[in-house]
Amino acid sequence: MKFGKYLKDKWVTLTSFGTFMLLTSVLLWLFHSSMELLVMYSVLAVLFLLIDFGWDYFKRKKYYDKLLNNLEQLDKKYLVLETVNEPDFYEGKLNSQIIYEINKSMAENVKQYEKNVLDFKEYIEMWVHEVKLPISSLLLMCHNNKGNLEKKYIKQIKRLDNYTEQVLYYVRSEHAEKDYCIKEVPLKKVVRDVAIKNKDDLLEQEIDFIVDEMEYIVSTDYKWLVFILNQIISNSMKYKRKDVTSSIHLWEEEIGNRILLHIRDNGIGIPEQDLPKVFEKSFTGENGRKHAKSTGMGLYIVKSLCDRLGHGILIKSVEGEYTEVSLVFAKNDFYKM
Amino acid sequence: MNKILIIEDEISICLELAELLENEGYEADYLKSFENALEDILNANADLLLLDINIPRMNGEMLLREIRKKSDVPVIMVTSRTGEVDEVLCMSYGADDYITKPYNPTILLLRIAAILKRMSGNNNTASYRDAQVNFSKGTICKGDKELVLTKNEMIIFQILLNNQNRIVTRDELMTNLWDNDEFVNDNALTVNISRLRGKLAEFGYIDAIETRKKQGYCLI
């Protein structure tokens, strides 16, 4: 709170005091009172004015300065009222009453939105589970009616399955609830599951799937990790080069107290300027534009799931040569085989 | 013939599962009503149960607990829920395996075969014509002659032997190999089969593996 601005605010009081002093002085002079009385009277009047102004100013300054200072330092600014004492002057009381009411009404409003979002999330989760039933039925039907068309149909059904799964994990990654369960998971098992999931596509597109000997066990949520790895491998299959024999190579590495799972393909790579942005929401970049099939969601979901599980994710690439994604897990000696 | 009981409320899945299992040579049946689920299941005398978690009246986990009080029949839980917590729960209630919808049908059959095999006890040796096969050692013995197979060859031979005189598709062989962390491609599979053929021929079993055009292979 600045004194200058405070005084400016008080201009009516100041001018009327000035006029009052002028008038009383003129009156006193007209009645021939002594000069001493005039001076004493003026000094006293100004003194009392200063005491009143000072008292009022410092009272306000104390309250508002604390309020402003706390407001600046707080992360959640709407909590500022909780950090100061109730002021002892009328105007301040009114203000804090108003802020309190506004806060309350906004909190209710936010609560309503939270509820809506939660309902929506629950509905989506339920819907995904429901839609998996017909997908399962279709897969079984295709398997039971083996014909020449079988693979073609299965491929499309698997795409459906992947997309619905993506919705499920998007919903999960956006909401800070504990849907996951951390257990010791052998990387080998995760890789195997993802490999079998993508077997038909890998074989059909003649992509060599090379996996080195795997021995590490990491602490993670099994299904989330399967989803993460599946997205990474889907990308490798989507952005392959046509002039070479495509391959996807997976291997483990131990660095200090970290375990890394590397997934390296020899695909089209990612342009250098796009690389820092690939984990951003809805970022499609040059590859996305050229392929026109990208939603920009895959890697964003992967990154947020990794963040929630506490895993690191790194990406390296040289355009036209390779892309290498590495998942970083914390090592726990107890779990090493 | 092993009897498999399907407990699942989605009728289209029941029918397709039953067909899948029958094609594979199992006797398949499914629960028609859930009124007296527990009694019906116990009376069915099945060799294995495929139990869905989301069923009417009682949930699958509860039902499994009740079944376990009275019977040791092998159970594979099937579900569309993707929460890992379910898996932990199911296993602690005594399920033998757990599979998530939508499953790969070949993998489902593999799991069923593995459990039934484990139940029957003998899963390490088998006989083929006049020879003894040892799966874990990867050998086929006849008299004092011994034939050593590589891991991939043994996996292929084992599936063919389990389905002797029936056609096994390339896809089934492939799924089996991949399920054993051997991520081979089409060429490698062809090479492995011709090597296996060669080895069996040297051992005296000429033309043991027949190729059925566009269908697969058959061990005679």
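These numbers were taken from a predicted model, which means no experiment stands behind them. (Residues numbered from 1 in each chain as written. Chains lettered and ligands numbered in written order. Predicted model: local features only at pLDDT ≥ 70, side-chain atom pairs only at ≥ 80, totals over all residues. Heavy atoms only, no water.)

1. Considerations on the sheet that holds strand β8 (residues 139-142) of chain B
Residues and elements named next belong to chain B.
Link 1 in the chain: Judged by pairing direction, the sheet is antiparallel, and its 4 strands sit side by side in the order β6-β7-β8-β9 without closing on themselves. A strand with exactly one partner marks an edge of an open sheet, and here the two such strands are β6 (125-128) and β9 (145-148). Strand-to-strand twist of the sheet, defined as the mean angle between neighbouring strand axes without regard to direction, takes the value 25 degrees. (Pairing = 2+ DSSP bridges. Helix = DSSP H or I, 4+ residues; strand = E, 2+ residues; numbered from the N terminus. Axes fitted to C-alpha atoms, helices over the stretch in contact; angles between N-to-C directions.)

2. Side note on the domain arrangement of chain B
Residues and elements named next belong to chain B.
Link 1 in the chain: Per the domain assignment, the segments of chain B are domain 1 (3-120) and domain 2 (125-219).
Link 2 in the chain: Both sides together, the interface formed by domain 1 and domain 2 hides about 610 Å², and carbon and sulfur atoms give 40% of it.
Link 3 in the chain: The partner of R111 in a salt bridge is D179, with the nearest N and O atoms 3.4 Å apart.
Link 4 in the chain: Run the count over domain 1 and domain 2 and you get 2 residue pairs in polar contact (both at pLDDT 80 or more).
Link 5 in the chain: By residue number, the principal contributor to the side of domain 1 that touches domain 2 is helix α5 (residues 105-120), which donates 5 residues.
Link 6 in the chain: When grouped by side-chain class, the residues that make up the side of domain 1 that touches domain 2 number 2 nonpolar, 3 polar and 3 charged. (Domains from an automatic or database assignment. Buried area = accessible area lost by both parts, 1.4 Å probe. Salt bridge = Lys/Arg side-chain N within 4 Å of Asp/Glu carboxyl O. Polar contact = N/O pair within 3.5 Å; in protein donor to acceptor, adjacent residues only side chain to side chain. Nonpolar A, V, L, I, M, F, W, Y, C, P; charged D, E, K, R; others polar.)

3. Structural notes on the packing of aromatic side chains
Link 1 in the chain: Taken as a whole and judged by the stated rule, the model has 16 aromatic pairs over all chains.
Link 2 in the chain: Aromatic pair Y6(A) and F53(A): ring centres 6.2 Å apart, planes at 75 degrees, arrangement edge-to-face. Here Y6(A) is found in helix α1 (residues 3-9), whereas its partner F53(A) is found in helix α3 (residues 35-73), with 47 residues between them in sequence.
Link 3 in the chain: Owing to a relative accessible area of 7%, F53(A) belongs among the buried residues under this scheme.
Link 4 in the chain: Measuring from ring centre to ring centre gives 6.0 Å for F209(A) and W178(B), while their planes differ by 15 degrees; the resulting arrangement is stacked. On the criterion of chain membership, the pair formed by F209(A) in strand β2 (residues 208-211) and W178(B) in helix α7 (residues 170-179) is interchain, its members lying in two chains.
Link 5 in the chain: Note on F209(A): relative accessible area 5%, which makes it buried.
Link 6 in the chain: These aromatic residues form a ring-pair network of at least three members: F3(A), Y6(A), F53(A), Y57(A) and F58(A).
Link 7 in the chain: Taking the ring centre of Y169(A) as reference, the NZ or CZ of R172(A) above it sits at 5.7 Å.
Link 8 in the chain: Directly above the ring of Y322(A) sits R264(A), whose terminal nitrogen or CZ lies 3.8 Å from the centroid. (Phe/Tyr/Trp six-rings, centres within 6.5 Å; stacked < 30°, edge-to-face > 60°. Buried < 20%, exposed > 50% of the residue type's maximum accessible area, 1.4 Å probe, protein only. Lys NZ or Arg CZ within 6 Å of the ring centre and 35° of its normal.)

4. A few points about the packing of helix α1 (residues 11-23) of chain B against α5(B)
Residue and element names in this part refer to chain B.
Link 1 in the chain: Contact geometry for α1 and α5: axes closest at 11 Å, N-to-C directions at 60 degrees. Here α1 lies oblique to α5, going by the angle between them. The two elements α1 and α5 meet at a crossing, and its hand is right-handed. Residue-level inspection shows L17, L20 and L21 of α1 in contact with α5, the latter providing P105, L108, L109 and I112. (Parallel < 35°, antiparallel > 145°, perpendicular 65-115°, else oblique. Left-handed = near helix turned anticlockwise from the far one by under 90°. Contact = heavy atoms within 4.5 Å.)

5. Things to note about the packing of helix α4 (residues 90-144) of chain A against α1(B)
Link 1 in the chain: Following both chains from N to C, one finds α4(A) and α1(B) inclined at 30 degrees, their axes separated by 9 Å at the closest point. When the interaxial angle is binned, α4(A) and α1(B) end up roughly parallel. Two packed elements cross with a definite hand, and for α4(A) against α1(B) that hand is left-handed. In this structure, α4(A) uses L133(A), S136(A), S137(A), L140(A), M141(A), H143(A) and N144(A) to contact α1(B), whose residues at the interface are S12(B), I13(B), E16(B), L17(B), E19(B), L20(B) and N23(B).
Link 2 in the chain: Its residues placed into classes, the contact of α4(A) with α1(B) shows 6 nonpolar, 6 polar and 2 charged.

6. Looking at the interface of chain B and chain A
How big an interface is tends to be stated in terms of the accessible area lost upon association of its parts.
Link 1 in the chain: Chain B puts 37 residues into the contact, and the matching count from chain A is 34 residues.
Link 2 in the chain: Overall, the association of chain B and chain A removes approximately 3,200 Å² of surface from exposure, summing both partners, and the carbon and sulfur fraction of that is 59%.
Link 3 in the chain: Linking chain B with chain A are 2 salt bridges, by the criterion used here.
Link 4 in the chain: Across the pair R192(A) and D181(B) runs a salt bridge whose closest N-O atoms are separated by 2.9 Å.
Link 5 in the chain: At the boundary of chain B with chain A, the tally comes to 8 residue pairs in polar contact (both at pLDDT 80 or more).
Link 6 in the chain: Elements that contribute at least two residues to the side of chain B that touches chain A include exactly α1, α4 (84-93), β5 (97-100), α5 and α7 of chain B.

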